[in-house]
Amino acid sequence: EKLIKKMEISGATIDKNLKKEELKAEVIKIIKSFNVIIKEEEVKFASIRQVNPKDKNGNTHAKQIINVELDTLETKLRVMKEKRNSKILNHIFFDNALTARNRFLMSKTRTVAKDKNFTAMIKNSKVCIKKNEAMFKYVEAETDLNEPKLWEENAKKKVPTTSNA
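Residues numbered from 1 in each chain as written. Predicted model: local features only at pLDDT ≥ 70, side-chain atom pairs only at ≥ 80, totals over all residues. Heavy atoms only, no water.

(A) Broad picture of the overall build of the chain. From N to C terminus, the chain includes 3 helices and 7 strands. When its helices and strands are written in sequence order, the chain yields β-α-β-β-α-β-α-β-β-β. For the chain, with 165 residues in total, the buried portion stands at 36%. For the chain, contacts bridging at least 24 residues in sequence account for 53% of all contacts bridging at least 6. Surface exposure of the chain reaches about 11,000 Å², of which carbon and sulfur atoms provide 51%. (Helix = DSSP H or I, 4+ residues; strand = E, 2+ residues; numbered from the N terminus. Buried < 20%, exposed > 50% of the residue type's maximum accessible area, 1.4 Å probe, protein only. Contact = heavy atoms within 4.5 Å. Areas by Shrake-Rupley, 256 points an atom, 1.4 Å probe, with all protein chains shown as cover.)

(B) Summary view of the side chain of Lys130. Structurally, Lys130 can be placed in strand E6 (residues 126-132). Overall, the relative accessible area of 17% leaves Lys130 in the buried class.

(C) View of helix H3 (residues 100-115). Counted at 1.5 Å a residue, the expected span for H3 with its 16 residues is 22 Å, and the 24 Å between its end C-alpha atoms agrees. Lining the buried residues of H3 we find strand E5 (119-123) and E6. Of the residues trailing H3, Asn117 is marked for its positive phi of about 60°. (Expected span 1.5 Å × (residues − 1).)

(D) Just the nonpolar core, in detail. Met7, Ile9, Ile30, Ile31 and Phe94 are the most contacted members of the largest nonpolar core, which totals 21 residues. Ranked by the residues each element gives to this core, the list is headed by helix H1 (residues 20-32), at 5 residues. Non-local contacts of Ile9, meaning those with residues more than four positions away in its chain, are made with Val27, Ile30, Ile31, Gln64, Ile65, Ile66, Val68, Ile92, Phe93 and Phe94. The next biggest cluster of nonpolar side chains, apart from the first, holds 13 residues, and it includes Leu105, Met106, Phe118 and Leu145. (Core = buried A, V, L, I, M, F, W, Y, C linked by side-chain atoms within 4.5 Å.)

(E) Looking closely at the sheet that holds strand E3 (residues 63-70). As summarised here, the arrangement of the 4 strands in space is E2-E3-E1-E4, forming an open sheet in which the pairing is antiparallel. The open sheet has two edge strands with one neighbour each: strand E2 (43-51) and strand E4 (93-96). Direction aside, the axes of adjacent strands within the sheet are offset by 25° on average. Pairing of strand E1 (residues 6-10) with E4 involves 4 bridges; the strand directions are antiparallel. (Pairing = 2+ DSSP bridges. Axes fitted to C-alpha atoms, helices over the stretch in contact; angles between N-to-C directions.)

(F) Spotlight on the sheet that holds E6. Pairing in this open sheet of 3 strands is antiparallel, and the strands run E5-E6-E7 from one edge to the other. At either margin of the open sheet sits one strand with a lone partner, and together these are E5 and strand E7 (135-138). With direction set aside, neighbouring strand axes in the sheet form an average angle of 35°. Relative to E7, E6 runs antiparallel, the two sharing 4 bridges. Residue pairing for E7: Asn132 is matched across the bridge by Met135.

(G) Main features of the pattern of salt bridges. Considering all chains together, one arrives at 6 salt bridges under this definition. In this structure, the salt-bridge partner of Glu142 is Lys108, at a minimum N-O distance of 4.0 Å. Here Lys108 lies in helix H3 and Glu142 lies in the segment after E7, a separation of 34 residues in the sequence. Given the relative accessible area of 39%, Glu142 is considered partly exposed. One continuous salt-bridge network, built from bridges that share partners, spans Glu8, Arg49 and Arg103. (Salt bridge = Lys/Arg side-chain N within 4 Å of Asp/Glu carboxyl O.)

(H) Seen up close, the packing of aromatic side chains. A full pass over the atoms with the stated rule returns 3 aromatic pairs. Ring geometry for Phe34 against Phe94: centres 5.4 Å apart, planes inclined by 80°, an arrangement best described as edge-to-face. With Phe34 in the loop between H1 and E2 and Phe94 in strand E4, this pair connects stretches of sequence that are 60 residues apart. Side by side, Phe34 and Phe94 carry an identical accessibility label, which is buried. When the centroid spacing of 5.0 Å and the interplanar angle of 80° are considered together, the rings of Phe118 and Trp151 count as edge-to-face. (Phe/Tyr/Trp six-rings, centres within 6.5 Å; stacked < 30°, edge-to-face > 60°.)

Shown next as structure tokens:
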């Protein structure tokens, strides 16, 4: 699926009137500013969309989201990991690209998970919850959040345990 090769960059401001190749060059420059090694051919496509989120007081403010499509999922994971490992602190973030449905689901999941001492997260562009490093569960729909089974401690383990019996 194309979505898993996409990521979003937020916190950076780019002239929205740039031509396609100029925008791609700016995206590469942003990625490289975190000491991430990336080749021009690894960035397949970039676009900008404007969003107007509301703050706590209900006021809206314009914000740019830069959508980037990379050549492979491996490239995306490498870029995101190298950015995280760079320890360069600023207000530019690399995130998984989400569909509108999953963005809404993530927002709901984050709220419910916090109340239950879980963490909501994105894994391969899918919403999931985790209690600790040993377990996580995927959240498929908003109705899943009401299922007691979802919040049980014995959730699906990341690494299956095997017995020698």
